[in-house]
Amino acid sequence: MAPPISSARAVPVWRSFVRGALGTGVGLAARAAGAIAVGKLVATHAPAGGLTLLAQVQGVMALLTTLPIDGTHVGLVKYLAPLPPGSRRYRAWLGAAGALNVAALVLGAAVLFGWPGLAATPTQRAVLVAGVALNTAQALLGTALLAAGRLRAYVGLAVATAALGTAGVAAGLGPGPHWPLPTVLLAYAVGQGLAVVPALVMAGRAGVLRGLGHWVAPSRAALRGLAQFGLMAVGNIVFGRAVDVAVRAALLNHFGPARTDVWQAAAKLSDNYTMVVAAVLSSVFYPQLAALAGQPAAARAYLRGVLGVLAPALAVALGIVFVARDWLLPLFFSPRLLAARELLAPQVLGDWAKFLSWVFIFQLTARARTGRYVAVQAASAVLYAGLLAGLVPALGLAGAVWAHALRYGALLLGCVFFWLRSGRQELGQG
């Protein structure tokens, strides 16, 4: 991780963002290729509704892993970054993260086994819990690598995760007799989790596991510090992941598997590049922003520089996706899903606004502003629910993507307004 810098060196900072983003290109390309391959296999070889079922399983997995990955691990990067691996404080923070992850896994397993509407046997639920546990463990090791600035190893782990998940799906839907779709999707979940093996190797080589044989009890301060980020993740679960799962289930119930797959094709295409943008922001942008948390002027300069790069770059990239939609949809999925081309205009507009709003929201995470973060998530979810209720009956499936576009357009405008207002207040106080 680059050290904190003064506002006078703001230009080199955003240039470091570009260099870091380009440096992750190979790994992110491999990860995106894995997601594309999984979607293609399911869309081509699974029955109608398979693409939506894949997304629903991924949504359930995200529900169970959001608390550790989007909460505890985000805070862990902030607190581990300045500490030498192997030190007593380092081990205390890492131990606190492990304890919170176990608690989250137990809670998630209880929810999964008590979920009445989930069409899965107890054995299938147990296998899914095992896959989630493995994924959480490898994500914790990846977080330690990221906090230590081992970006190459972190990207390598992302590549391994994508490759193993894709291999699980290919084994079930490749040449020869096909497995039942639920079995294929469970193989996908467990396959991703098996990346914990290379994660252990990489973490050992990087030295981030040094001293862990000497147990240090998690301190109350460490548990409280990470719990703040866990509360932010609860906001993501309640107002983000759970909403996505519920919306997908409602559309599937209302429109049926075949038509819902059309909407899901647009959403899945979005997921492929969203994964890349999210990885760049979390592995390159957020660690530097967290390092500048104590220097508001430098942090604002860095954020402004990154926005100046991202806004036009994303507009061009998403524009290319939209222009090439007639080629991309059959290539990534199947010709029967070409009807999703009609949904891509509002999808990419909403995605552009979503990505830029993330840049602002990362400020709240870096500063551990839990209340504001949850309030933003809640307001966004309530707006989305209202838009869906009004637009889906009037526009059909198109209403779902227009609700997405209007939700994030409003969120971006709100973020810009409050960011400008806070900047004026800082100038007034200065």
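Residues numbered from 1 in each chain as written. Predicted model: local features only at pLDDT ≥ 70, side-chain atom pairs only at ≥ 80, totals over all residues. Heavy atoms only, no water.

Chemist: Give a detailed account of the domain arrangement of the protein, specifying residues and quantitative values.
Modeler: Taken domain by domain, the protein holds domain 1 (23–227) and domain 2 (258–428). The C-alpha-based centres of domain 1 and domain 2 are spaced at 23 Å. On the domain 2 side, the residues contacting the 24 residues of domain 1 number 26 residues. Summed over both sides, the interface between domain 1 and domain 2 buries roughly 2,000 Å², with carbon and sulfur atoms accounting for 65% of that surface. Linking domain 1 to domain 2 there are zero salt bridges. (Domains from an automatic or database assignment. Contact = heavy atoms within 4.5 Å. Buried area = accessible area lost by both parts, 1.4 Å probe. Salt bridge = Lys/Arg side-chain N within 4 Å of Asp/Glu carboxyl O.)

Chemist: Explain a nonpolar patch on the surface to me, using residue names and the numbers behind them.
Modeler: A grouping of Leu349, Leu395, Trp402 and Leu406 is seen on the molecular surface, where their side chains present a nonpolar patch of about 380 Å² in accessible area. Within the secondary structure, Leu349 is located in helix α12 (residues 344–366). Residue classification places Leu349 among the exposed residues on the basis of a relative accessible area of 51%. (Patch = residues over 30% accessible without salt bridge, like charges linked within 9 Å, V, L, I, M, F, W, Y side chains within 5 Å. Areas by Shrake-Rupley, 256 points an atom, 1.4 Å probe, with all protein chains shown as cover. Helix = DSSP H or I, 4+ residues; strand = E, 2+ residues; numbered from the N terminus. Buried < 20%, exposed > 50% of the residue type's maximum accessible area, 1.4 Å probe, protein only.)

Chemist: Any chance you could break down the pattern of salt bridges for me, citing the residues and the numbers?
Modeler: As enumerated under the stated definition, the model contains five salt bridges in all. Here Asp351 makes a salt bridge to Lys354, at a shortest N to O gap of 3.7 Å. Taken together, the residues Asp351 and Lys354, both in helix α12 and three residues apart, mark about one turn of the helix. In this structure Asp351 comes out as buried when scored by relative accessible area, which is 0%. Judged by relative accessible area, which is 10%, Lys354 ranks as buried. What you see here is one network of salt bridges that share partners, running through Asp326, Arg341 and Glu342.

Chemist: Go over helix α3 (residues 50–80) with me, naming the residues and quoting the values.
Modeler: The axis of α3 is deflected most strongly, by about 60 degrees, at Thr65, and proline Pro68 appears within four residues downstream. Most of α3 sits out of view: 25 of its 31 residues are buried. (Bend = angle between axes of the 7 residues up to and from the residue.)

Chemist: Give a detailed account of the packing of aromatic side chains, specifying residues and quantitative values.
Modeler: For the structure on display, the rule yields eight aromatic pairs. Seen from their ring centres, Tyr79 and Phe229 are 6.1 Å apart, and the 85 degrees between their planes marks the pair as edge-to-face. Here Phe229 lies in helix α9 (residues 220–291) and Tyr79 lies in helix α3, a separation of 150 residues in the sequence. Taken together, Tyr79, Trp93 and Phe229 form an aromatic cluster joined through their ring pairs. Directly above the aromatic system of Trp419 lies the positively charged group of Arg300, at a separation of 4.3 Å from the ring centroid. Directly above the aromatic system of Phe322 lies the positively charged group of Arg325, at a separation of 4.0 Å from the ring centroid. (Phe/Tyr/Trp six-rings, centres within 6.5 Å; stacked < 30°, edge-to-face > 60°. Lys NZ or Arg CZ within 6 Å of the ring centre and 35° of its normal.)

Chemist: Let's hear about the packing of α3 against helix α5 (residues 122–147): which residues, and what values?
Modeler: Relative orientation of the contacting elements α3 and α5 amounts to 20 degrees, with a least axis distance of 10 Å. Classified by the angle between their axes, α3 and α5 sit roughly parallel to one another. In this structure, α3 meets α5 at a crossing whose hand is right-handed. Here Val60, Met61, Leu64, Thr65, Pro68, Ile69, His73, Leu76, Val77 and Leu80 of α3 lie close against α5, whose contacting residues are Leu128, Val132, Asn135, Thr136, Ala139, Leu140, Thr143, Ala144, Leu146 and Ala147. Considered class by class, the residues forming the contact of α3 with α5 number 15 nonpolar, five polar and no charged. (Axes fitted to C-alpha atoms, helices over the stretch in contact; angles between N-to-C directions. Parallel < 35°, antiparallel > 145°, perpendicular 65-115°, else oblique. Left-handed = near helix turned anticlockwise from the far one by under 90°. Nonpolar A, V, L, I, M, F, W, Y, C, P; charged D, E, K, R; others polar.)

Chemist: Report on the side chain of Asn272, specifying residues and quantitative values.
Modeler: Looking at the secondary structure, you find Asn272 in helix α9. Setting aside anything within four residues of it in sequence, one finds Asn272 in contact with Ala32, Ala35, Ile36 and Phe332.

Chemist: Can you tell me about the nonpolar core, naming the residues and giving the values?
Modeler: Judged by nonpolar contacts, the single largest core of 113 residues is most densely connected at Leu76, Trp93, Val169, Phe285, Tyr286 and Phe333. Ranked by residues supplied to this core, first place goes to α9 with 20 residues. Shared between two domains, this core holds at least three residues of each, these being domain 1 (23–227) and domain 2 (258–428). (Core = buried A, V, L, I, M, F, W, Y, C linked by side-chain atoms within 4.5 Å.)

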